Amino acid sequence: MIEDKNPQRTSLENLGEFGLIDHLTKNFDIKHKSTIKSIGDDAAILEFKNKQIVVTTDLLIENVHFDLSYVPLKHLGYKAVVVNLSDVYAMNANATQITVSIAVSNRFPLEALEDLYAGIEAAAKIYNIDVVGGDTTSSTTGLIISVTAIGEVDEKNVVLRSGAKANDLVVVTGDIGASYMGLQILEREKEVFKVNPQNQPDLSMYTYIIERQLKPEARKDIVELLQGLEVKPTSMIDISDGLSSEIIHLCKNSDVGVELYENKIPLDPQVISTCEEFNIDSTTIALNGGEDYELLMTISQEDFPRIKGNPNLTVIGYITEKSRGMNLITRGEQAVPIIAKGWNALNDKE
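Everything numeric in this text was worked out from a predicted model, so none of it was measured.

### Remarks on the pairing of strand β7 (residues 169-173)
- For β7, the buried fraction is high: five of the five residues fall into the buried class.
- Here β7 shows no split at all, with L169, V171 and T173 on one side and V170 and V172 on the other all buried.
- The pairing of β7 with strand β10 (residues 295-299) spans four bridges and is antiparallel. Paired with L169 across the strands is I299, a residue of β10.
- With five bridges joining them, β7 and strand β11 (residues 313-320) adopt antiparallel strand pairing. Across the sheet, residue T173 finds its bridge partner in β11, namely L313.

Printed below as a string of structure tokens:
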């Protein structure tokens, strides 16, 4: 959990709940006019005037969503914020505030929580958001983190999952599959370490995919890019559970079908080489890996000239009538039904 062999350990009992909150949040500053009252009262006060408000929340539980044997606490704090902001950006909205609540066992000293909150603070600065509240309590099962993100959007700019129409283009940002393969590397090296604790892994060949797992980024830049291009997606969702799960969500919410093209799915070379090393099919990983936090969207064909050639956006298919189903067109030009095999939060065997 902490690399220092003889770290300072300050017991949380010495601070108490309110002292702990004051200590961990003392460096959070206010950036938005919509934040009227932040941490320090019974509740935060926000004022958005003519905007619509977007609210989303996520729960991260030790040994379900993260493993502290290889996840640094600072990275965990950063990631806990980012995964929530990603949902706000998937609504084509601007994230403005978050609340952060933690449940922590007595094995964590104050210094460990300072690392966790340093990651939260870093994310708040990079994504220009205010931390306006939260809670702390004890836990008998390890570390639990709950983040609620709040955002604002003009009514005319809201993008839902339900707006896709036949002949719309399916577009994905960035590349996918890297986070899952980064996790495979970390899990492999964890098993090696169990056998030989003296072994120090060389991870230099896997820096990109490991960073995608430990320190993902939310695509705030895409929301800004689309506004600059004057392109409003007809539907949008973030890729947290895998491309297959997310495209099925879009199709079911929009009552449409889809054809995705295997040879169009963007993969980083490090993903391809690592899949070969593990003898895993890269398309399977792209479809089912999850935790990429890229944006999957549909756009009208009329908007294609505005995004054509943009390195951040890749057209990977198109929307069809519902009767044609949801299919992946393989490199061999065969149509294979798309089945959701991504992350299932209620299946503890995954």
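### Looking at the side chain of S240
- On the secondary structure map, S240 appears in the loop between β8 (235-238) and α7 (243-254).
- Filtering out sequence-adjacent residues up to four positions away, S240 remains in contact with E246, G290, E291 and Y293.

### Considering unusual backbone geometry
- Residues other than glycine seldom take positive phi values, yet N128 does so here, at roughly 55°.
- Locating N128 in the fold gives a position in the loop between α3 (110-126) and β5 (130-138).
- For N128, a relative accessible area of 33% puts it in the partly exposed group.
- Of note in this structure, Y293 is not a glycine but carries a positive phi near 55°.
- Along the chain, Y293 turns up in the loop between α9 (282-288) and β10.
- Take Y293: its relative accessible area is 7%, and that puts it in the buried class.

### Quick look at the packing of helix α5 (residues 207-214) against helix α8 (residues 269-278)
- Two numbers describe how α5 lies on α8: the axes approach to 8 Å, and their chain directions differ by 100°. Comparing the axis directions of α5 and α8 gives the class roughly perpendicular. Counting all contacts with α5, which are made through T207, Y208 and I209, the residues of α8 involved are Q270, V271 and T274.
- For the contact of α5 with α8, the residue count by class is three nonpolar, three polar and no charged.

### A few points about the packing of aromatic side chains
- Taken as a whole and assessed by the stated rule, the structure comprises three aromatic pairs.
- Seen in terms of ring centroids, Y261 and Y318 are 6.5 Å apart; in terms of plane orientation they differ by 25°. Their pairing is stacked. Placement of the pair is Y261 in strand β9 (residues 257-261) and Y318 in strand β11, with a sequence separation of 57 residues.
- The class of Y261 is partly exposed, set by a relative accessible area of 27%.
- For Y318, a relative accessible area of 22% corresponds to the partly exposed category.
- Clustering of aromatic rings is evident, with ring pairs tying together Y78, Y89 and Y127.
- Here the basic side chain of K215 rests over the ring of Y78, its NZ or CZ set 4.5 Å away from the ring centre.

### Some remarks on the sheet that holds β7
- One open sheet holds the seven strands; their spatial order is β8-β10-β7-β11-β9-β12-β13, and the pairing between them is mixed. The two strands at the open ends of the sheet, each matched to only one other strand, are β8 and β13 (335-337). Across this sheet, the average inter-strand angle for adjacent strands is 25°, counted without regard to direction.
- Inspection of the sheet shows strand β12 (residues 326-329) paired to β13 by three bridges, in the antiparallel sense. Bridge pairing in β13 links N327 to P337.

### Here we look at α7
- Spanning 12 residues, α7 covers 16 Å between terminal C-alpha atoms, matching the ideal 16 Å at 1.5 Å per step.
- Counting buried positions over the 12 residues of α7 gives nine, a clear majority of the element.
- Looking only at α7, the buried set comprises L243, S244, S245, E246, I247, I248, L250, C251 and S254.
- Where α7 ends, the next residue or the one after it, D255, has phi of about 60°, a positive value.

### Structural notes on the nonpolar core
- By size, the foremost hydrophobic cluster in this structure holds 74 residues, and its most contacted members are L85, I98, I247 and L296.
- For this core, the element with the most residues is helix α2 (residues 73-89), which contributes nine residues.
- Residues V231, M236, M297 and I307 belong to the second largest nonpolar core, which totals 13 residues.

### Things to note about the environment of I210
- With respect to the helices and strands, I210 occurs in helix α5.
- If near-sequence neighbours (up to four positions away) are discounted, I210 is found in contact with G182, I185, L186 and L203.

### Here's the deal with the pattern of salt bridges
- Scanning the model with the defined rule gives 18 salt bridges in all.
- For E191, the salt bridge identified is with K194, shortest N-O distance 3.3 Å. Placement of both E191 and K194 in helix α4 (residues 178-195) is noted, with a separation of three residues, approximately one turn of the helix.
- By relative accessible area, E191 is classed as partly exposed at 41%.
- Residue R306 pairs with D303 through a salt bridge whose shortest N-O separation is 3.6 Å.
- R306 sits in the partly exposed class, given a relative accessible area of 42%.
- Shared partners join several salt bridges into a network, and the residues in it are D175, R212, R219, D221 and E294.

Procedures and definitions
- Residues numbered from 1 in each chain as written.
- Predicted model: local features only at pLDDT ≥ 70, side-chain atom pairs only at ≥ 80, totals over all residues.
- Heavy atoms only, no water.
- Buried < 20%, exposed > 50% of the residue type's maximum accessible area, 1.4 Å probe, protein only.
- Helix = DSSP H or I, 4+ residues; strand = E, 2+ residues; numbered from the N terminus.
- Pairing = 2+ DSSP bridges.
- Contact = heavy atoms within 4.5 Å.
- Axes fitted to C-alpha atoms, helices over the stretch in contact; angles between N-to-C directions.
- Parallel < 35°, antiparallel > 145°, perpendicular 65-115°, else oblique.
- Nonpolar A, V, L, I, M, F, W, Y, C, P; charged D, E, K, R; others polar.
- Phe/Tyr/Trp six-rings, centres within 6.5 Å; stacked < 30°, edge-to-face > 60°.
- Lys NZ or Arg CZ within 6 Å of the ring centre and 35° of its normal.
- Expected span 1.5 Å × (residues − 1).
- Core = buried A, V, L, I, M, F, W, Y, C linked by side-chain atoms within 4.5 Å.
- Salt bridge = Lys/Arg side-chain N within 4 Å of Asp/Glu carboxyl O.

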